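Commentary on secondary and tertiary structure
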Amino acid sequence: MENADQIESLMVAQTERAIAEADRLIVLVDGRAGLTPQDEFTAQLARRSGKPVILAVNKTEGFDLDVAVADFHQLGLGEPQPIAAGHDQGVVSLLEEALKGLKPDPSDGPELDGIRVP
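This section reports on the structure supplied with the text. Note that the structure is predicted; figures quoted are calculated from it, not measured.

1. Here's the deal with helix 2 (residues 37-49)
For helix 2, spanning 13 residues, the distance from its first C-alpha to its last is 19 Å, which sits close to the expected 18 Å at 1.5 Å a residue. Listed in full, the buried residues belonging to helix 2 are D39, A43, L45 and A46. All buried residues of helix 2 project into a common sector of 160° when viewed along the axis, lining one side. Among the exposed residues of helix 2, those pointing more than 90 degrees away from its buried face are P37 and R48. Positive backbone phi, approximately 75°, marks G50, located one or two places after helix 2.

2. Comments concerning the sheet that holds strand 3 (residues 81-82)
Spatially, 3 strands are ordered 1-2-3 in an open sheet, and the strand pairing comes out parallel. On the outer flanks of this sheet lie strand 1 (25-30) and strand 3, each paired with one strand and no other. Examined bridge by bridge, strand 2 (residues 53-58) and strand 3 share 2 bridges and lie parallel to one another. Within strand 3, the residue paired with V57 across the bridge is P82.

3. A word on the pairing of strand 2
Across the 6 residues that make up strand 2, a large majority, 5, are buried. When strand 1 meets strand 2, the two strands line up parallel, connected through 6 bridges. Bridge pairing in strand 2 links D30 to N58. Note on the crossover from strand 1 through helix 2 to strand 2: the handedness is right-handed.

4. With respect to the pattern of salt bridges
Applying the stated rule across the entire model yields 4 salt bridges. Here E21 ties to R17 by a salt bridge, and the two come within 3.0 Å at their closest N and O atoms. With E21 and R17 both in helix 1 (residues 2-21) and 4 residues apart, the pair spans about one turn of that helix. Under the relative-accessibility criterion, E21 is labelled exposed at 53%. The salt bridge involving D30 is made with K59; its shortest N-O contact spans 3.1 Å. Of the two residues, D30 sits in strand 1 while K59 sits in the loop between strand 2 and helix 3 (65-69), which places them 29 residues apart along the sequence. A residue is classified by how much of its surface remains accessible, and D30, at 26% relative accessible area, is partly exposed. Taking relative accessible area as the criterion, K59 reaches 36% and is therefore assigned partly exposed.

Thresholds, definitions, all that
Residues numbered from 1 in each chain as written. Predicted model: local features only at pLDDT ≥ 70, side-chain atom pairs only at ≥ 80, totals over all residues. Heavy atoms only, no water. Helix = DSSP H or I, 4+ residues; strand = E, 2+ residues; numbered from the N terminus. Expected span 1.5 Å × (residues − 1). Buried < 20%, exposed > 50% of the residue type's maximum accessible area, 1.4 Å probe, protein only. Arc of directions from axis to C-beta. Pairing = 2+ DSSP bridges. Right-handed = clockwise from strand over helix to strand, strands pointing away. Salt bridge = Lys/Arg side-chain N within 4 Å of Asp/Glu carboxyl O.

Next up, the structure:
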């Protein structure tokens, strides 16, 4: 149980760091799993950040989209965007929405202090 608590603590710290570094946030939830306490916690962190947030509900393929996203309105993050990443449905429009109005920062280059994947 200690190990699980330590992992959860590290996950929260990483989430908070990612939120601090981001210009905009995409909160991704699992439409098949339904609304979870973790979703509510993440939504709370996102709202507290004051940054623009897009709520994406994944795994909505084969469902009526209005029904698939209905419970997620409770998170208070705006209109949920239904997607099915595994089926490439809604992903492009989600990314377009997330990137709308952003301009590249010419001084922003590749990070040199992160993990390198060859």
